Amino acid sequence: MDKKEKKRIYLSSPTMHDEEQKFVKEAFDTNWIAPLGPNVTAFENEMTAYTKAAHATALSAGTAAIHLALKLLDIGPGDVVFVSDLTFSATCNPIVYEGATPVFIDAEPDTWNMSPEALKKAFEKYPHPKAVLCAYLYGTPAKIDEIMAVCEAHHVPYIEDAAESLGSTYKGKHTGTMGKFGIYSFNGNKIITTSGGGMLVSEDKAAVEKALFLATQARDPARFYLHSQIGYNYRMSNVVAGIGRGQLLHLDEHKARKQAIYRQYKEAFADIPEITMNPLNPDGDANNWLSGMLIGKGCDVTPDMVMDALDEENIESRPVWKPMHEQPVYAKCDFIPHNGDGSSVGSNVFARGLCLPSDIKNTPEDMALIIGIVRKCFGR
Ligand SMILES: *Cc1c(COP(=O)(O)O)cnc(C)c1O
């Protein structure tokens, strides 16, 4: 059978329920088809109720939320920002939008997130960064206490890129609610989606209000259009927020399903010593947005071989994020490794890891098929 005729199994595709359409219909029925309206306000309130974040502004993308967090910290040319190296480019691109300089901080092997040790080394080299920006890969919280302790010792604000970790907790608190700013994403393949969208959260009410001002073209209070600052068109639309409200009702359910997928892979590969799953933080409860696996050193099987074998059956998988310090566009930026010998933990994870299909609509048959293909790659 041709590959294209086989059922497609996705890495992580949107899962819709009935409530989304109800909220979207309300938006149509009341003609609130605009980047403001009752769904936007309600979605913000429901998100703060869920995460226990103090204040929120709904935006057009997670990337927009990161950009505004940096603007609110007055980051600009000449400023250094310490940022996760092993992440998606959207974490660090906004640093460059503002003309500031990213310094990439290596991952550590225990959670695949920013290494507190590398972060300490970075402060020795660059004593005055303007912010520390850390992503929580695949939904696993970083060693947040250790990282925040370093930030606090140097009086530097901490920004949490919780785009992948909505619903994950660390020591009982939601990721995104512990730093100066937290950001969430509702992009198409995230644990809940609005087709595209993001949110900025913070305890600082004035800052979140300023984010709203900047996201809506920075109009000064006047009858005519008066601007004393550069604004952006970053606000979430009322239609999109309706999808978000419906999705949020199912976040816990999505999380439970993602966690079950992770556990099933872990058990299915438990007898194969060459395979380990992406690490979880024992101090956290991860949403397991994507299940990842790492192939042991010295094993002949490569991530490409596994991804090719899955692709043969029309099953989607994906490499681990390629570290930012290995990206051509960031070639001139500094990188602070975790290991004393200068080797990069992130590069090693990239070379030996991959993301397995983590779609919550996978059937037991789909899971059995995926597991069988992976096992076969390892001669089982
Ligand atoms: C998805 C993602 C973003 C960007 O979010 P968008 O809503 O797509 O702009 C930022 N950081 C990380 C780590 C992500 O995975």
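Residues numbered from 1 in each chain as written. Predicted model: local features only at pLDDT ≥ 70, side-chain atom pairs only at ≥ 80, totals over all residues. Heavy atoms only, no water.

Q: Which residues make up the overall build of the protein, and what values do they have?
A: Within the protein, the regular secondary structure consists of twelve helices and 15 strands. Looking at the protein residue by residue over its 380 residues, the buried ones come to 57%. Residue pairs at least 24 apart in sequence account for 72% of intrachain contacts in the protein once pairs closer than 6 positions are excluded. Carbon and sulfur atoms provide 54% of the accessible area of the protein, an area that totals close to 16,000 Å². (Helix = DSSP H or I, 4+ residues; strand = E, 2+ residues; numbered from the N terminus. Buried < 20%, exposed > 50% of the residue type's maximum accessible area, 1.4 Å probe, protein only. Contact = heavy atoms within 4.5 Å. Areas by Shrake-Rupley, 256 points an atom, 1.4 Å probe, with all protein chains shown as cover.)

Q: Can you tell me about the sheet that holds strand β15 (residues 353-356), naming the residues and giving the values?
A: In spatial order, the strands read β10-β12-β15-β13; together these four strands make up an open sheet with antiparallel pairing. The open sheet has two edge strands with one neighbour each: β10 (275-277) and β13 (318-319). The sheet contact formed by β10 and strand β12 (residues 291-295) spans three bridges and is antiparallel. Its bridge partner being in β12, Ile275 is matched across the sheet by Ile295. Contacting β12, β13 and β15, helix α10 (residues 303-312) crosses the sheet at an angle of about 25° to β15. (Pairing = 2+ DSSP bridges. Axes fitted to C-alpha atoms, helices over the stretch in contact; angles between N-to-C directions.)

Q: Please set out helix α12 (residues 364-377) residue by residue, giving values where relevant.
A: For α12, built from 14 residues, the straight-helix expectation of 20 Å at 1.5 Å per residue is met to within 8% by its first-to-last C-alpha distance of 20 Å. Regarding α12, the residues found buried are Asp366, Met367, Ile370, Ile371, Ile373 and Val374. Viewed along the axis of α12, the buried residues span an arc of 160°, placing them on a single side of the element. In α12, the exposed positions that point more than 90 degrees away from the buried face belong to Pro364, Glu365 and Lys376. In this structure, the buried residues of α12 make contact with α9 (251-268), β10, β12, α10 and β15. Within two residues after α12, Gly379 carries a phi angle of roughly 70°, on the positive side. (Expected span 1.5 Å × (residues − 1). Arc of directions from axis to C-beta.)

Q: A description of the packing of aromatic side chains should follow, citing residues and the corresponding values.
A: Applying the stated criterion to the full structure yields nine aromatic pairs. Taken together, a centroid distance of 6.3 Å and an interplanar angle of 70° make the contact between Phe82 and Tyr126 edge-to-face. With Phe82 in strand β2 (residues 80-84) and Tyr126 in the loop between α5 (116-125) and β4 (131-135), the pair connects residues that are 44 residues apart, well separated along the chain. Of the residues examined, Phe82 reaches a relative accessible area of 0% and is grouped as buried. What makes Tyr126 partly exposed here is its relative accessible area of 23%. Among the aromatic residues, those joined into a cluster by ring pairs are Phe88, Tyr138, Trp289 and Trp321. Here the basic side chain of Lys22 rests over the ring of Phe23, its NZ or CZ set 4.4 Å away from the ring centre. Between Arg219 and the ring centre of Tyr225, over which it is positioned, the NZ or CZ distance is 3.8 Å. (Phe/Tyr/Trp six-rings, centres within 6.5 Å; stacked < 30°, edge-to-face > 60°. Lys NZ or Arg CZ within 6 Å of the ring centre and 35° of its normal.)

Q: Mind laying out unusual backbone geometry, listing which residues take part and the relevant values?
A: In most cases, non-glycine residues show a negative phi, while peptide bonds are predominantly trans. Here Ser195, not a glycine, exhibits a phi torsion of approximately 85°, which is positive. The backbone of Asn288 shows a phi angle near 50°, a positive value even though the residue is not glycine.

Q: Before we move on, can you summarise the sheet that holds strand β14 (residues 335-336) with the specific residues and values?
A: The eight strands lie next to each other as β1-β9-β8-β5-β4-β2-β3-β14, forming an open sheet whose pairing is mixed. Edge positions in the open sheet fall to β1 (55-59) and β14, since each of these has one partner strand only. Judged from the two bridges that link them, strand β3 (residues 101-105) and β14 form a sheet pairing that is parallel. In the sheet register, Ile105 faces β14, and the bridge partner there is Ile336.

Q: Could you give an account of the side chain of Asn288, naming the residues involved and the relevant values?
A: Looking at the secondary structure, you find Asn288 in the loop between β11 (284-285) and β12. The residues contacting Asn288, other than those within four sequence positions of it, are Tyr138, Lys258, Gln259, Tyr262 and Leu280.

Q: Go over α10, please, and point to the residues and values.
A: It helps to recall that an α-helix has 3.6 residues per turn; residues three or four apart then point in one direction. For α10, the complete set of buried residues consists of Pro303, Val306, Met307 and Leu310. Along the long axis of α10, the arc covered by the buried residues comes to 95°, so they all point the same way. Turned more than 90 degrees from where α10 packs its buried face, Asp304 and Glu312 sit exposed. Next to the buried residues of α10 lie β12, β13, α11 (345-352), β15 and α12.

Q: So what's going on with the pattern of salt bridges? Which residues, and what values?
A: All chains considered together, the criterion is met by 19 salt bridges. Across the salt bridge formed by Asp110 and Lys143, the nearest N and O atoms sit 2.6 Å from each other. With Asp110 in the loop between β3 and α5 and Lys143 in the loop between β4 and α6 (144-153), this pair connects stretches of sequence that are 33 residues apart. (Salt bridge = Lys/Arg side-chain N within 4 Å of Asp/Glu carboxyl O.)

Q: Which residues make up the site of the ligand, and what values go with them?
A: In the region of the ligand, 14 residues are neighbours, and Thr63, Asp161, Glu164, Ser185 and Lys190 sit closest. Gly62 has a polar backbone atom sitting 2.8 Å from an oxygen atom of the ligand. Here an oxygen atom of the ligand sits 3.3 Å away from a polar atom, N or O, in the side chain of Lys190. In terms of residue class, the shell around the ligand is built from four nonpolar, seven polar and three charged. (Near = heavy atom within 4 Å. Polar contact = N/O pair within 3.5 Å; in protein donor to acceptor, adjacent residues only side chain to side chain. Nonpolar A, V, L, I, M, F, W, Y, C, P; charged D, E, K, R; others polar.)

Q: Got a sec to walk through the side chain of His250? Specific residues and values, please.
A: Note on placement: His250 falls in the loop between α8 (238-248) and α9. On the basis of relative accessible area, His250 is assigned to the buried category, the value being 11%. Only 2.9 Å separates the side chain of His250 from the side chain of Glu19, close enough to count as a polar contact. With sequence-adjacent residues up to four places away left out, His250 is seen in contact with His17 and Glu19.

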